[in-house]
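Below, each chain spelled out in residue letters.
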Amino acid sequence: MGTVRGVLVLLCGLPAAGKSSLAAWVVAHARELARRLRRGVTVRHVSFDAVMAAVEAEAGAAEFDPALWHEARERVRRARTARWGRGAPRLEVVLLDDNMHYRSMRRAYYQLARRAALGLCTVCVPVDVELAVARDAARPAAARVGGATIRMMAAALEWPRPEVHSWERHAVTLADGWDASLLWDTLAAAASAPISSAEVDAAARAAAAAASATQTAESAPHQLDLRLRRLLAACLAALPPRRRAALAAALGEARREAIGACRVAVAAAADVAAVVDELEHSFQRSVALLIAKAGETEEEEAGARGGEEGSAGGGGEARGERCAWQYTLWCSVRSACGEASDSEGLCAESTRAPAAVHL
């Protein structure tokens, strides 16, 4: 036990779950944490969406680019590392507002906390998947993530498992009917217990040893290829035959690009598992864009068929058919991602949205 100079708070959940609204609430009520800790507190909200928008604006990007997404995440990590290196007179609580849906994303900040002797906690914000999709659709076009991406992220989401990974022991889930005191108690516990560089995490070391046997720099492209092929098979099997051939070539090309990027990235990577996770997420975004474009084509054709068939409901039937195959696609992707994911425990709670903090 001891006094820390900073706490990293990892906000974990799907897009549109309410993480940014929660972060704003915490910033507005920071005095409550200061009162509990009896020391000065500064709370900062770091939005990855804002950093990503800035990076895209600098590059003049019109749509999602995996390289820019990676650069945005690296930019935040570099900034946090530099800041903690200088030290801070007050307790600084940094709310890292990202999806953090892969454990490797959170582990990167655990390593930063361990090096700088900071506190660390994870705040999970579960939400019904379709509610998240609906909220996302109501956002301005430039800020939308897309329903296909959200559904794939939901399938791959790895909630904290403190019983296996003890470094995630300070985690709280803000589900229905939660009490705000749970949040303050978790933050206070993290602020009083810095991550020690000498801390022994037997479970994490065992997991790392097991991973090193199958996911070295040499085998990482193969491991990623297996994961992407499983995802591709699920996507293609769920697509209607008339869409399958058109998308197969584009999806195959996206897979080959991801494998090539993996071979380059692992050469200089300290955490090979994180590289594979990030490339899989980028691939999911690429697949989502292709699915979205296929859906737009389907709508256009449905509208044309509806015009030809008059007002007898033909267009509505075509749109219903499109909804059916997209739903089937989502279910297939969930199954494919589930085979490679260790999402358990809280996964069942992901259908419940937080009812407090007026998210």
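Quick notes on the rules
Residues numbered from 1 in each chain as written. Predicted model: local features only at pLDDT ≥ 70, side-chain atom pairs only at ≥ 80, totals over all residues. Heavy atoms only, no water. Helix = DSSP H or I, 4+ residues; strand = E, 2+ residues; numbered from the N terminus. Contact = heavy atoms within 4.5 Å. Areas by Shrake-Rupley, 256 points an atom, 1.4 Å probe, with all protein chains shown as cover. Buried < 20%, exposed > 50% of the residue type's maximum accessible area, 1.4 Å probe, protein only. Phe/Tyr/Trp six-rings, centres within 6.5 Å; stacked < 30°, edge-to-face > 60°. Core = buried A, V, L, I, M, F, W, Y, C linked by side-chain atoms within 4.5 Å. Axes fitted to C-alpha atoms, helices over the stretch in contact; angles between N-to-C directions. Parallel < 35°, antiparallel > 145°, perpendicular 65-115°, else oblique. Pairing = 2+ DSSP bridges. Expected span 1.5 Å × (residues − 1). Bend = angle between axes of the 7 residues up to and from the residue. Salt bridge = Lys/Arg side-chain N within 4 Å of Asp/Glu carboxyl O. Left-handed = near helix turned anticlockwise from the far one by under 90°.

J.: Which parts of the structure should I look at to understand the overall build of the protein chain?
T.: Along its length, the protein chain carries 13 helices and five strands. For the protein chain, the proportion of contacts with a sequence separation of at least 24, taken over those separated by at least 6, is 81%. A total of about 16200 Å² of accessible surface is found on the protein chain, and carbon and sulfur atoms cover 54% of it.

J.: What exactly am I supposed to notice about the side chain of H101 here?
T.: By the element assignment, H101 lies in the loop between β3 (91-97) and α5 (103-116). On the basis of relative accessible area, H101 is assigned to the buried category, the value being 1%. Setting aside residues up to four positions removed in sequence, H101 forms contacts with R106, M153, A156, L157, E158 and H281.

J.: Just checking my understanding: could you explain the packing of aromatic side chains for this structure?
T.: The geometry of an aromatic ring pair is captured by the separation of the ring centres together with the interplanar angle, meaning the angle of the planes. The full count for this structure, using the stated rule, is two aromatic pairs. Measuring from ring centre to ring centre gives 5.0 Å for Y110 and W167, while their planes differ by 25 degrees; the resulting arrangement is stacked. Separated by 57 residues along the polypeptide, Y110 in helix α5 and W167 in the loop between α7 (147-156) and β5 (171-173) bring together distant segments of the chain. Accessibility expressed as a relative area gives 6% for Y110, which makes it buried.

J.: How should the environment of L37 be read in this particular structure?
T.: In this fold, L37 is placed in helix α2 (residues 30-37). For L37, a relative accessible area of 21% corresponds to the partly exposed category. The sequence separation of L37 and A189 amounts to 152 residues, and the corresponding C-alpha distance is 9.7 Å. Aside from chain neighbours lying at most four places away, what touches L37 is L91, A188 and A191.

J.: Would you explain unusual backbone geometry in this entry?
T.: Most peptide bonds take the trans configuration, and most residues that are not glycine carry a negative phi. The backbone of M100 shows a phi angle near 50 degrees, a positive value even though the residue is not glycine. The residue M100 is located in the loop between β3 and α5 in this model. The phi torsion at A117 lies on the positive side, around 55 degrees, for a residue other than glycine.

J.: How do you make sense of the nonpolar core when you look at a structure like this?
T.: Soluble globular proteins tend to pack their nonpolar side chains together in the buried interior. Ranked by size, the top nonpolar core spans 66 residues in total, and within it L8, V9, V93, L96, Y109 and V123 carry the most contacts. For V123, the contacting residues outside a window of four places in its chain are V9, L10, L11, C12, L22, V172, L174 and L183. In terms of nonpolar packing, the next biggest core, distinct from the first, is built from 21 residues, M152, L232, L247 and V272 among them.

J.: Any chance you could explain the packing of helix α1 (residues 19-28) against helix α8 (residues 180-191) here in plain terms?
T.: A pair of packed helices can be characterised by two numbers: the angle between their axes and the separation between those axes. At a minimum axis separation of 13 Å, α1 and α8 run at an interaxial angle of 75 degrees. Accordingly, the angle class assigned to the pair α1 and α8 is roughly perpendicular. Where α1 abuts α8, its residues L22, W25 and V26 lie against A180, L183 and W184.

J.: Would you explain the environment of A24 in this entry?
T.: Tracing the chain through its elements places A24 in helix α1. Taking relative accessible area as the criterion, A24 reaches 44% and is therefore assigned partly exposed. Residues A24 and H45 lie 21 residues apart in sequence; the distance between their C-alpha atoms is 7.5 Å.

J.: I would appreciate a short explanation of the sheet that holds β5 in the present structure.
T.: For sheets, the rule is that strands pair by backbone hydrogen bonds, running either parallel or antiparallel. Reading across the sheet, the five strands line up as β2-β3-β1-β4-β5 and stay open at both edges, with parallel pairing between neighbours. Each having just a single partner strand, β2 (41-47) and β5 make up the two edges of the open sheet. Averaged over all neighbouring strand pairs, the angle between strand axes comes to 20 degrees, with direction disregarded. Most of the contacts of α5 go to strand β1 (residues 6-12), to which it runs at about 175 degrees, and overall it touches β1, β3 and β4 (119-124). Each of β1, β3, β4 and β5 touches α8; the most contacted strand, β4, lies at about 160 degrees to it.

J.: What's the story with helix α11 (residues 241-265) in this structure? I'm lost.
T.: Working note: α-helix, 3.6 residues per turn, so residues spaced by three or four point in the same direction. Spanning 25 residues, α11 covers 36 Å between terminal C-alpha atoms, matching the ideal 36 Å at 1.5 Å per step. At L247, α11 shows its strongest bend, of approximately 40 degrees. Inspection of α11 places R243, L247, L251, G252, A254, R255, A258, I259 and C262 among the buried residues, and these make up the whole buried set.

J.: It is not clear to me how the pattern of salt bridges should be interpreted in this structure. Could you clarify?
T.: Pairs may arise between side chains of opposite charge once their charged atoms sit close together. Tallied over the entire structure, the rule returns 14 salt bridges. For E163, the salt bridge is made with R161, and the minimal N-O distance between the two is 3.5 Å. Of the residues examined, E163 reaches a relative accessible area of 62% and is grouped as exposed. Residue R161 is classed as buried on the basis of its relative accessible area, which comes to 16%. Close ionic contact of R229 with D225 constitutes a salt bridge, the shortest N to O distance being 3.0 Å. With R229 and D225 both in helix α10 (residues 220-238) and four residues apart, this pair spans about one turn of that helix. The exposure class of R229 is partly exposed, given its relative accessible area of 44%.

J.: Help me understand the packing of α2 against α8, please; the structure alone is not making it clear to me.
T.: Axis separation between α2 and α8 bottoms out at 10 Å; the angle between their running directions is 55 degrees. What the angle tells us is that α2 and α8 run oblique. Once α2 is placed against α8, the crossing between them reads as right-handed. From α2, E32, L33, R36 and L37 reach across to α8, where they touch S181, W184, D185, L187, A188 and A191.

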